[in-house]
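Residues per chain are reported as follows:
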Amino acid sequence: MSLIVQKYGGSSVADAASVKRVARRIVDTKKAGHDVVVVVSAMGDTTDELLDLAEQVSPLPPPRELDMLLTAGERISMALLAMAIHDLGAEARSYTGSQAGLITDSAHGAARIIDVSPGRITEALEQGAIPIVAGFQGVAQDTKDVTTLGRGGSDTTAVALAAAMGADVCEIYTDVDGVFSADPRVVPKARQVPFITYEEMLELAAVGAKVLHLRCVEYARRFSLPIHVRSSFSTKEGTWVMSPDAITAAIAEGRAMEQPIISGVAADINDAKITVVGVPDKPGEAAAIFRALANAKINVDMIVQNVSAAATGRTDVTFTCPQGSAQQAMDALQSNSGDIGFEALNVDDQIAKISLVGAGMRSHPGVSATFFSALADASVNVEMISTSEIRISIVTRVDDAQRAVQAIHSAFGLDADGEAVVYAGTGR
Ligand code: ASP
Ligand code: MG
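What counts as what
- Residues numbered from 1 in each chain as written.
- Chains lettered and ligands numbered in written order.
- Predicted model: local features only at pLDDT ≥ 70, side-chain atom pairs only at ≥ 80, totals over all residues.
- Heavy atoms only, no water.
- Pairing = 2+ DSSP bridges.
- Helix = DSSP H or I, 4+ residues; strand = E, 2+ residues; numbered from the N terminus.
- Axes fitted to C-alpha atoms, helices over the stretch in contact; angles between N-to-C directions.
- Contact = heavy atoms within 4.5 Å.
- Buried < 20%, exposed > 50% of the residue type's maximum accessible area, 1.4 Å probe, protein only.
- Core = buried A, V, L, I, M, F, W, Y, C linked by side-chain atoms within 4.5 Å.
- Arc of directions from axis to C-beta.
- Salt bridge = Lys/Arg side-chain N within 4 Å of Asp/Glu carboxyl O.

### Some points on the sheet that holds strand β13 (residues 264–268)
Strand order in the open sheet formed by four strands is β13-β18-β20-β19, with antiparallel pairing between adjacent strands. Each edge of the open sheet is held by one strand with a lone partner, namely β13 and β19 (384–388). Looking at each pair of strands side by side, their axes are set apart by 20° on average, direction ignored. Direction of pairing for β13 relative to strand β18 (residues 351–357): antiparallel, over a ladder of five bridges. Its bridge partner being in β18, alanine 267 is matched across the sheet by isoleucine 354. Of the strands in this sheet, β18, β19 and β20 (391–397) are in contact with helix α12 (residues 367–377), which crosses β20 at around 15°. Sheet contacts for helix α13 (residues 401–411): β13, β18 and β20; angle to β18, the most-contacted strand, approximately 15°.

In structure tokens form, the structure reads like this:
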């Protein structure tokens, strides 16, 4: 008997029929002799609808109230799921994040889990019941207010609970069969990856692959907790996210094939590019720019500084940040223009960041050559470049994003023979 935490995304519980279907799956797992803890997202597009509603009422709602509103979505699905399980003859009890012991800091909208004390969940299990926990929410340790973990945060609730309870696996149910070499909604010939390391999954999640919440992967790595990403619409084996050692063991036992050099290609179209034009080329300038941005709590991603023009002794500094913080970044730079000294600021939100991720890059030469040749052959212009040990990213025009991803995917021989199945289409 093992302890399994199952997380069902919004597309898996989109309507009454889906809730009943998921209930059956949960009860089957229990009947197979396992202890099951369930984490559930809001039904379908509920979170988006609640956000729309808030916007109609108030353009800038207080973050505390917005969190209170959004957490209602998960309360609906958890209670309905518990009812459906009851009708199948098993006992289920639903719990809010706060009741389940998910203690966070008080950063509304992006709270971090700082402690998990799942006493009531353990108790429910001991009494033979199936606990159903509302994903994406917790309670702030200091203010005792209800918080949310950021969009897609139910994955993190599930992994945090699984880690705290010593679960054997955390199963993340979504609308595709697992992690793919590219988003199957963009590249129909994307290939399902059977095994992927935490490190590769972290890089992919950070550069725009939306299949798993970034923090959930960080959490799983910290506790060496295996994640099994799979579809709730099929019974197929999904993708295992594990440590390199666990994957090596799986290969030795014949459960896995040799790891490929490249695990995937991802695109992120939510960044903006800001250029600080005509910055004096002297010590302390970059520090002044990025200090101003840090004080405004802007998350900067890629940075490029041009060679300065000899005639003027001035240079341009370009960086990317989330589109949502571009205006704040501009304001922060403008209001510090006295210290920084620049001639102009340009912002461009028509960009896409395309990234290639693979642990094999460390030991295989020629990956960059293939990557840039593929982009050249597809006439994709490269505006910025950044790399990590296992990733190459570029910035290009947003209109070229799909073509770029497809070209890179083909160039690395990742195209599958058949087309990937997308069961619901929303990716939740
Ligand atoms: N319902 C929340 C969202 O849509 C959390 C989640 O689904 O993980 O972002
Ligand atoms: Mg998700």
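So much for the structure itself; the text now carries on.
### Topic: the pairing of β18
Walk down a regular strand and you will see the side chains alternate between the two sheet faces. When you tally the buried positions in β18, you get seven out of seven residues, the bulk of the element. Taking every second residue as pointing to the same face, both faces of β18 are buried, with Ile351, Lys353, Ser355 and Val357 on one and Ala352, Ile354 and Leu356 on the other. Note: β18 against β20, seven bridges, orientation antiparallel. Note on β20: the bridge partner recorded for isoleucine 354 is isoleucine 394.

### As for the nonpolar core
Across soluble globular proteins, nonpolar side chains have a tendency to be buried as a group. Val37, Met201, Leu212 and Ile227 are the most contacted members of the largest nonpolar core, which has 47 residues in total. Of all the elements, helix α5 (residues 154–165) adds the most residues to this core, at seven residues. When residues no more than four places from it in sequence are discounted, the contact partners of valine 37 are Leu3, Ile4, Val5, Gln6, Ile121, Leu125, Pro131, Val133, Leu161 and Met165. Among the nonpolar cores identified, the runner-up in size contains 26 residues, and Leu375, Ala378, Ile394 and Ala407 belong to it.

### Quick look at helix α9 (residues 285–295)
Three or more residues of α9 are buried, namely Glu285, Ile289, Ala292 and Leu293. All buried residues of α9 project into a common sector of 95° when viewed along the axis, lining one side. Away from its buried face, by an angle of more than 90 degrees, α9 presents the exposed residues Ala287, Arg291 and Asn295. Structurally, α9 contributes buried residues whose contacts are with β14 (271–280), β16 (314–322), α10 (326–335) and α11 (337–340).

### A word on the sheet that holds strand β5 (residues 113–116)
Taken together, the four strands give an open sheet; going across it, the order is β5-β4-β7-β8, and neighbouring strands pair in mixed fashion. Whereas interior strands pair on both sides, the edge strands pair on one side only; in this sheet they are β5 and β8 (146–148). Neighbour to neighbour, the strand axes of the sheet diverge by 45° on average, direction disregarded. Two strands pair when backbone bridges link them, and strand β4 (residues 102–104) and strand β7 (residues 137–140) are joined in this way by two bridges, in the parallel orientation. If you follow isoleucine 103 over to β7, its bridge partner there is valine 139. Sheet strands in contact with helix α3 (residues 63–87) are β7 and β8, and its direction is about 75° off that of β8.

### Regarding unusual backbone geometry
In the Ramachandran plot, phenylalanine 136 falls in the positive-phi region, its phi being about 75° despite a non-glycine side chain. Mapping phenylalanine 136 onto the fold places it in the loop between β6 (130–134) and β7. Relative accessible area serves as the criterion here: at 4%, phenylalanine 136 is assigned to the buried category. Positive phi, close to 65°, is recorded for lysine 144, a residue that is not glycine. Looking at lysine 144, the relative accessible area reads 59%, which means it is exposed.

### Description of the pattern of salt bridges
All told, the structure shown has 21 salt bridges when counted by the stated rule. With its nearest N and O atoms 2.8 Å apart, the salt bridge here joins arginine 64 to glutamate 65. The class of glutamate 65 is partly exposed, set by a relative accessible area of 40%. With its nearest N and O atoms 3.2 Å apart, the salt bridge here joins lysine 236 to aspartate 177. You can see lysine 236 sitting in the loop between β11 (227–231) and β12 (239–242) and its partner aspartate 177 sitting in the loop between β9 (169–174) and β10 (195–197), a full 59 residues away along the chain. On the basis of relative accessibility, which here comes to 5%, the residue aspartate 177 falls in the buried class. What emerges from the salt-bridge pattern is a single network uniting Lys273, Asp348, Glu383 and Arg397.

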